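Structural characterization, general
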Amino acid sequence: MASLARLIPRGSIPSIKPSQFSRPLTTCIRASRQPSLRPNTSHFNTPLKQSSKRSYHSDLHPPLPPHSYTNSQTAILEAALSHVPTHGFTNTSLTLGARDAGFLDVSVQLFPRGEFDLILFWLASRRGLLRAKVESDVDFFKGDVDVNGKIKALILERLRMNESVREQWQDALAQMSLLGNIPLSLAELHALSNDILSLAGDASVDGSWYTRRAAVGAIYASAEVVMTRDPSVDMSETASFVERRFEDRDILAKKVEVIGQCFSFWGNTIVGVGRSYGLKI
């Protein structure tokens, strides 16, 4: 060490002042470390702005116009329903309903869609009556019936609710088939199908959730057309039509199941043959 000290010239080693040791060692070590990688959570405390328009809704498909009603509109529509069996779903029924509810004739201007509002109110009110009847009557479904039997009973009960306006319902179907009225008409049909399956205890959560509602809607819509031409007093021909549609539905479902099993068998066979030839399948 003494020889090494002689080799290093004096003054080549810088002198260290005591003030440089004034900072604690831990502070120097902490300052030399890299910046913290802890996430910044300050934005979690900032309230999110609620957007009135959801990002998954397309501008090409605007939302349906609302068909909820005020107390005055509801009073007029409820009073107008009593005139529908005689005057149909027309402005005349709306005017008479306004008079019965204590409003002036000009009050029908509260309904921009005119008689179509009366049709929508009929559909929504009968749907509510169906749900209330099933929920209040514990013996509505007589006997131990399956889900399909309950669906059939609910469809027939909903059709019977149209018996008082059966002669006027063909004009109502014509109103619902107009281009501007189709979206709301389909929305009401979907709501009815959803209520029927819910009341019947359908618990499907897969792709059949959509197909079953479409099938129920198709059966009910076609049964309404048959109902307008049914000459029987008790709508027996309409009931027979619904029975046949459910039988056709069961037959079609069995055929689809058989076809699916056939394709599955051939698919497994082809995969087995390919693997036997060394294919990496």
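Just above, that's the structure.
Residues numbered from 1 in each chain as written. Predicted model: local features only at pLDDT ≥ 70, side-chain atom pairs only at ≥ 80, totals over all residues. Heavy atoms only, no water.

**Details of the overall build of the protein chain**
Definition in use: Each helix corresponds to a stretch of at least 4 residues labelled H or I by DSSP, and each strand to a stretch of at least 2 residues labelled E; elements are numbered beginning at the N terminus. Partly exposed residues are those whose accessible area sits between 20% and 50% of the maximum for their type, while under 20% is buried and over 50% is exposed, using a 1.4 Å probe and protein chains only. Calculation of accessible area relied on Shrake-Rupley with a 1.4 Å probe; when residues are assessed, cover is drawn exclusively from the protein chains displayed.
When you go through the protein chain residue by residue, the secondary structure sums to 11 helices and 0 strands. Ordering the α and β elements of the protein chain from the N terminus gives α-α-α-α-α-α-α-α-α-α-α. When burial is assessed residue by residue, the protein chain has 29% of its 281 residues classed as buried. Accessible surface, the protein chain: about 19,800 Å² in total, of which carbon and sulfur atoms supply 59%.

**Some words on the nonpolar core**
Condition: Nonpolar core, defined: a set of buried Ala, Val, Leu, Ile, Met, Phe, Trp, Tyr and Cys residues in which side-chain atoms within 4.5 Å join the residues together. Here, residues are in contact when the closest pair of their heavy atoms is within 4.5 Å.
In terms of nonpolar packing, the biggest core is built from 46 residues, with F89, L154, I155 and W169 touching the most fellow members. For this core, the element with the most residues is helix α6 (residues 115-136), which contributes 9 residues. Apart from residues no more than four positions distant in its own chain, I155 is found in contact with I196, V216, I219, Y220, V242 and F246.

**Overview of helix α3 (residues 71-81)**
Given 3.6 residues per helical turn, the α-helix brings residues three or four places apart onto the same face. Taken together, the buried positions of α3 are occupied by Q73, I76, L77, A79, A80 and L81. Where α3 is buried, its residues touch α4 (84-87), α5 (91-100) and α6.

**Examining the packing of aromatic side chains**
Note the threshold: Here a Phe, Tyr or Trp ring, Trp counted by its six-membered ring, pairs with any other such ring whose centre lies within 6.5 Å, and the pair is stacked when the planes are under 30 degrees apart, edge-to-face when over 60, and tilted otherwise. Only Lys NZ and Arg CZ are tested; either one counts as a charge over a ring when it is within 6 Å of the ring centre and within 35 degrees of the ring normal.
Per the stated rule, a full pass over the model turns up 5 aromatic pairs. With centroids separated by 5.0 Å and ring planes inclined at 90 degrees, the aromatic side chains of F140 and F141 adopt a geometry described as edge-to-face. Through pairs of rings, three or more aromatic residues link up here, namely F89, W122 and W169. In this structure, K152 packs its charged tip against the face of F246, placed 5.5 Å from the ring centre.

**Here's the deal with the packing of helix α7 (residues 147-160) against helix α9 (residues 182-200)**
What counts is decided by this rule: All axes are obtained by fitting lines to C-alpha atoms, using only the stretch in contact for helices, and the reported angles, taken between N-to-C directions, cover 0 to 180 degrees. These descriptions rest on fixed angle ranges, namely under 35 degrees for roughly parallel, over 145 for roughly antiparallel, 65 to 115 for roughly perpendicular, and the rest for oblique. Should the near helix be turned anticlockwise from the far one by less than a right angle, the crossing is termed left-handed; should it be turned clockwise, right-handed. Here the term charged refers only to Asp, Glu, Lys and Arg, the term nonpolar to Ala, Val, Leu, Ile, Met, Phe, Trp, Tyr, Cys and Pro, and the term polar to all other amino acids, Gly among them.
In contact at an axis separation of 9 Å, α7 and α9 are set at 135 degrees when each is read in the N-to-C sense. Looking at the two axes, α7 sits oblique to α9. Crossing of α7 against α9: the hand is right-handed. Contact with α7, carried on its side by V147, K150, I151, L154, I155 and R158, involves L192, I196, L197, L199 and A200 of α9 and no other residues of that element. Here the residues of the contact of α7 with α9 sort into 9 nonpolar, no polar and 2 charged.

**Quick word on a nonpolar patch on the surface**
Just so we agree on the cut-off: Excluding any residue in a salt bridge, patches collect residues exceeding 30% relative accessible area, merging like charges within 9 Å and nonpolar Val, Leu, Ile, Met, Phe, Trp and Tyr side chains within 5 Å. Basic side-chain nitrogens of Lys or Arg form a salt bridge, by our definition, when they fall within 4 Å of a carboxyl oxygen of Asp or Glu.
On the surface, a nonpolar cluster with roughly 310 Å² of combined accessible area is contributed by L179, I182 and L186. Tracing the backbone shows L186 in helix α9.

**Section: the side chain of N181**
This is how it is decided: Each polar contact in these results corresponds to two N or O atoms within 3.5 Å; when the atoms are within protein, one needs to be able to donate a hydrogen and the other to accept it, and residues that are neighboring in sequence are counted only if both atoms are side-chain atoms.
With respect to the element layout, N181 can be found in the loop between α8 (169-176) and α9. Of note is the side chain of N181, whose polar atom sits 2.9 Å from the backbone oxygen of Q175. Discounting chain neighbours no more than four positions away, the residues touching N181 are F116, Q175 and M176.

**Looking at the layout of surface pockets**
Selection rule: Using only the protein atoms, space was sampled on a 1 Å grid; points where a 1.4 Å probe fits but cannot get out form cavities, open sets with protein on both sides within 12 Å along at least five of seven lines form pockets, and lining residues are those with an atom within 4 Å of a point. Grid points are joined across faces, edges and corners, and a volume is the space filled by probe spheres set on the points.
When its volume is computed, the largest pocket comes out at roughly 360 Å³. Looking at the largest pocket, it is lined by 18 residues, and the ones nearest its centre are L173, M176, L189, A221 and E224. Of all the elements in the fold, those that place two or more residues in the lining of the largest pocket are α6, α8, α9 and α10 (208-228). By residue number, the principal contributor to the lining of the largest pocket is α9, which donates 6 residues. Residue classes in the lining of the largest pocket are distributed as 11 nonpolar, 3 polar and 4 charged.

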